[in-house]
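# Topology and contacts: notes
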Amino acid sequence: MYCETDEDLCELVNRARKYTEYGKVANYIPALGRAEQSDLAIALYYKDGHCVKAGDVEKKFTLQSVSKVLTLALAIMDQGEEEVFRKVGMEPTGDPFNSIAKLETQIPAKPLNPMINAGALVVTNMIEGRSTHEKLGRLLTLIHDLTNNSKIDVDHGVAKSEYETAHLNRSLCYYMKQHGVITGEVEELIDLYTRQCAIQVTCIDLARIGMVLANKGRDPLSNRLILPEGIATIVKTFMVTCGMYNASGEFAIRVGIPAKSGVSGGIIGLVPPNIGVGVYGPSLNEKGNSIAGVKLLEMLSQRYQLSIF
Ligand code: GLN
């Protein structure tokens, strides 16, 4: 059974919206604090191009940690699987996304996985390009291809706000640089990372990216291969094991779809072989996931039996 109409989704959004009251909008990146706590939106993108949506779907938000999925794909395309996983692990962590604790217990300071900040910084450090501008341009091109939306760009206000306050991420970088896990100038890496996190999308864009991943990296509407199938598979598997930070286990049980969240309140999800999901709800739970967004996905998954398990 498929969710076919906006009305079907609308009912779920209306039921889930009350949960926005129980969370908080992130404000450790000051510009994110301006989001509307009660916003909630969802879009489903099907392989045939059909898109159903409900809630505040026109709202734009920044990718934040959702970008980690895309930089991982790009870094593997650039460096190959072996080189990437020489520097970043494949194991989930029970720690928060910005934790530094495990770096000191791993030798040589190799982050556990690419979905936590330390791992994502290592991944971003591996993107090819002669300048930050060129590296960011390559990431944007990938996103334009996946979304079929060439208007997508960086929200410079959010990027600047994070750049000015990213002291914890800087400390992760300096620690890893000392241990030879990252190379080059930390400030340049933080500049690129904060820009990648500030790429602005809608939940429809996320749903379309999810749909291409669900279809093994090929855009079914243009029939163009955007990501090699093996790389799409790696990325989807990380979404299952690490995509919702230290709530990934509970999310797998309650929702059962590969997903990745970000502190702006975005969640990208997918149901192989043909559905992409995009959610926006900036009110977050204590683990940094969209509180109403997770609830909404739980309702959706139960009603339409979307769990991949
Ligand atoms: N830009 C954010 C940070 O590094 C991304 C974190 C997130 O979305 N969980 O803190």
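It should be emphasised that the depicted structure is a prediction, and the values quoted were computed from it without experimental measurement. (Residues numbered from 1 in each chain as written. Predicted model: local features only at pLDDT ≥ 70, side-chain atom pairs only at ≥ 80, totals over all residues. Heavy atoms only, no water.)

## Digging into the site of the ligand
With respect to spatial proximity, 13 residues lie near the ligand, and among them Tyr-28, Gln-64, Ser-65, Glu-162 and Tyr-245 are the closest. Interatomic distance of 2.6 Å between a side-chain N/O atom of Gln-64 and a nitrogen atom of the ligand. The residue inventory of the shell around the ligand, partitioned by class, reads 7 nonpolar, 5 polar and 1 charged. (Near = heavy atom within 4 Å. Polar contact = N/O pair within 3.5 Å; in protein donor to acceptor, adjacent residues only side chain to side chain. Nonpolar A, V, L, I, M, F, W, Y, C, P; charged D, E, K, R; others polar.)

## Here's the deal with the sheet that holds strand S3 (residues 51-55)
Strand order in the open sheet made by the 5 strands is S3-S2-S10-S9-S8, with antiparallel pairing throughout. Bordering the open sheet on either side are S3 and strand S8 (259-261), each of which pairs with just one other strand. On average, adjacent strands in this sheet sit at an angle of 10° to one another, irrespective of strand direction. With 5 bridges joining them, strand S2 (residues 41-46) and S3 adopt antiparallel strand pairing. Looking at the pairing, Leu-44 lines up with Val-52 of S3. (Pairing = 2+ DSSP bridges. Helix = DSSP H or I, 4+ residues; strand = E, 2+ residues; numbered from the N terminus. Axes fitted to C-alpha atoms, helices over the stretch in contact; angles between N-to-C directions.)

## A few points about the packing of aromatic side chains
Applying the stated criterion across every chain, the model contains 6 aromatic pairs. Look at Phe-61 and Tyr-280: their rings are 4.4 Å apart centre to centre, the planes differ by 5°, and that puts the pair in the stacked class. In this pair, Phe-61 sits in strand S4 (residues 61-62) while Tyr-280 sits in strand S10 (residues 275-280), placing the two residues 219 residues apart along the sequence. One exposure class covers both Phe-61 and Tyr-280, and it is buried. A network of ring pairs unites the aromatic residues Tyr-28, Phe-97 and Tyr-245 as a single cluster. For Arg-170, the ring lying beneath its charged end belongs to Tyr-163, and the centroid distance is 4.9 Å. (Phe/Tyr/Trp six-rings, centres within 6.5 Å; stacked < 30°, edge-to-face > 60°. Buried < 20%, exposed > 50% of the residue type's maximum accessible area, 1.4 Å probe, protein only. Lys NZ or Arg CZ within 6 Å of the ring centre and 35° of its normal.)

## A closer look at the pairing of S2
With 6 of 6 residues buried, S2 lies mostly within the body of the structure. Both faces of S2 are covered, namely the face carrying Ala-41, Ala-43 and Tyr-45 and the face carrying Ile-42, Leu-44 and Tyr-46. What sits between S2 and S3 in their antiparallel hairpin is a turn of 4 residues, with Gly-49 showing a positive phi close to 95°. Sheet analysis places S2 next to S10, joined by 6 bridges and oriented antiparallel. Counted as the bridge partner of Tyr-45 is Gly-276 from S10.

## Quick word on the packing of helix H5 (residues 132-147) against helix H9 (residues 203-214)
Running from amino to carboxyl end, H5 crosses H9 at an angle of 85°, the nearest separation of the two axes being 8 Å. Relative to H9, the element H5 lies roughly perpendicular. Where H5 approaches H9, its residues Asp-145, Leu-146 and Thr-147 are matched on the opposing element by Asp-205, Arg-208, Ile-209 and Val-212. Taken together, the residues of the contact of H5 with H9 sort by class into 3 nonpolar, 1 polar and 3 charged. (Parallel < 35°, antiparallel > 145°, perpendicular 65-115°, else oblique. Contact = heavy atoms within 4.5 Å.)

## Some remarks on the environment of Ile-116
Topologically, Ile-116 is positioned in the loop between helix H3 (81-87) and helix H4 (117-124). In sequence terms Ile-116 and His-156 are 40 residues apart; their C-alpha atoms lie 23 Å from each other.

## Section: the nonpolar core
Judged by nonpolar contacts, the single largest core of 81 residues is most densely connected at Leu-72, Met-176, Ile-199 and Leu-213. The element best represented in this core is H9, accounting for 8 residues. The residues contacting Met-176, other than those within four sequence positions of it, are Leu-103, Ala-109, Pro-111, Ala-118, Leu-121, Val-122, Val-181 and Ile-182. Counting residues in hydrophobic clusters, the runner-up holds 29 residues, among them Ala-16, Ile-257, Ala-259 and Leu-297. (Core = buried A, V, L, I, M, F, W, Y, C linked by side-chain atoms within 4.5 Å.)

## Observations regarding helix H10 (residues 229-242)
Compared with an ideal rise of 1.5 Å per residue, which puts 14 residues at 20 Å, H10 spans 20 Å between its outermost C-alpha atoms and is within 8% of the ideal. Of all the positions in H10, only Ile-231, Ala-232, Ile-234, Val-235, Lys-236, Phe-238, Met-239 and Cys-242 are classed as buried. In this structure, the buried side of H10 is in contact with helix H2 (67-79), H3, H9, helix H11 (248-254), S8 and strand S9 (266-271). (Expected span 1.5 Å × (residues − 1).)

## Description of the pattern of salt bridges
For the structure on display, the rule yields 17 salt bridges. Among the ionic pairs, Asp-95 bridges to Lys-102, the shortest N-O distance being 2.8 Å. (Salt bridge = Lys/Arg side-chain N within 4 Å of Asp/Glu carboxyl O.)

## What to know about unusual backbone geometry
Residue Pro-273 is reached from Pro-272 by a cis peptide bond, and omega for that bond is 5°. Here Pro-273 shows up in the loop between S9 and S10. Look at Asn-223: it is not a glycine, yet its phi comes out positive at around 65°. For Asn-223, the location among the structural elements is in the loop between strand S6 (218-219) and strand S7 (224-225). On the basis of relative accessibility, which here comes to 53%, the residue Asn-223 falls in the exposed class. Backbone geometry places Tyr-245, a non-glycine residue, at a positive phi of 55°. Structurally, the position occupied by Tyr-245 is in the loop between H10 and H11. Judged by relative accessible area, Tyr-245 falls into the buried class, the value being 5%.

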